[in-house]
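Examination of the molecular architecture
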Amino acid sequence: GQQVMQIPQYQHVQEGEDFTTYCNSSTTLSNIQWYKQRPGGHPVFLIQLVKSGEVKKQKRLTFQFGEAKKNSSLHITATQTTDVGTYFCAGPQGGGTASKLTFGTGTRLQVTL
Amino acid sequence: NAGVTQTPKFRILKIGQSMTLQCTQDMNHNYMYWYRQDPGMGLKLIYYSVGAGITDKGEVPNGYNVSRSTTEDFPLRLELAAPSQTSVYFCASMFGTEAFFGQGTRLTVV
């Protein structure tokens, strides 16, 4: 079945440093989504990417979908303590637009002053 | 709109007991999902539904059952609880390709 891996599993940065998490799928995805889960909370939708090579920005966050639509990345510029949490990518298994939504293994980000 | 509501928030079960985790959404979404999240780990799909009357297995369905008699409700049934089912359970509903999650149910089996 489809596997979605993320690296690194964990990263600890000083506030102001940049952070990047990478997401790799074993199969081609029709789209990819990114979610953030604060400690003790539930996942919250951040963004969806659909087109090959697509790049989207949300303030300090930059999301990219690979040309082959099998990988994606999330880059945070100048991290803040409010960025703490676990970041998950997710994609539909089976090539559909929704159906089985499979989550990546997640990257936990810790930010200290 | 309440969004996705899960009950209970916390529960302790004894080995062999059964229980139903409730999930209801008021957004008229067709797609609904149940995930479990073990401590420090990712989300694993248990069951999902693409509409009332239709359910299908995810990655880890053993020990669980679901039903979807209405668009709004998607309960998850645990039969014969085992310690391996200790986890946080999240229900989600989907509109387009954005999933909305409930607050989660923290279940401990002792």
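Definitions and limits used
Residues numbered from 1 in each chain as written. Chains lettered and ligands numbered in written order. Predicted model: local features only at pLDDT ≥ 70, side-chain atom pairs only at ≥ 80, totals over all residues. Heavy atoms only, no water. Helix = DSSP H or I, 4+ residues; strand = E, 2+ residues; numbered from the N terminus. Rg over C-alpha atoms; globule rule 2.2 N^0.38 Å. Pairing = 2+ DSSP bridges. Axes fitted to C-alpha atoms, helices over the stretch in contact; angles between N-to-C directions.

**Things to note about the overall build of chain B**
Helices and strands together make up the secondary structure of chain B, namely 0 helices and 11 strands. Shown N-terminal to C-terminal, the secondary structure of chain B runs as helices and strands in the order β-β-β-β-β-β-β-β-β-β-β. On C-alpha atoms alone, chain B measures out to a radius of gyration of 13 Å, which is about the 13 Å that the 2.2 N^0.38 rule sets for 110 residues. Projected onto its principal axes, the C-alpha coordinates of chain B cover approximately 40 × 25 × 20 Å.

**Focus on the sheet that holds strand β8 (residues 71–76) of chain A**
Residue and element names in this part refer to chain A. Spatially, 5 strands are ordered β1-β3-β8-β7-β6 in an open sheet, and the strand pairing comes out antiparallel. One side of each edge strand has no neighbouring strand; the edge strands of this open sheet are β1 (4–7) and β6 (55–58). Mean inter-strand twist for the sheet, computed between neighbouring axes without regard to direction, equals 15°. Both β6 and strand β7 (residues 61–65) contribute to a ladder of 4 bridges, which runs antiparallel. Of the residues in β7, the one forming a bridge with V55 is Q64.

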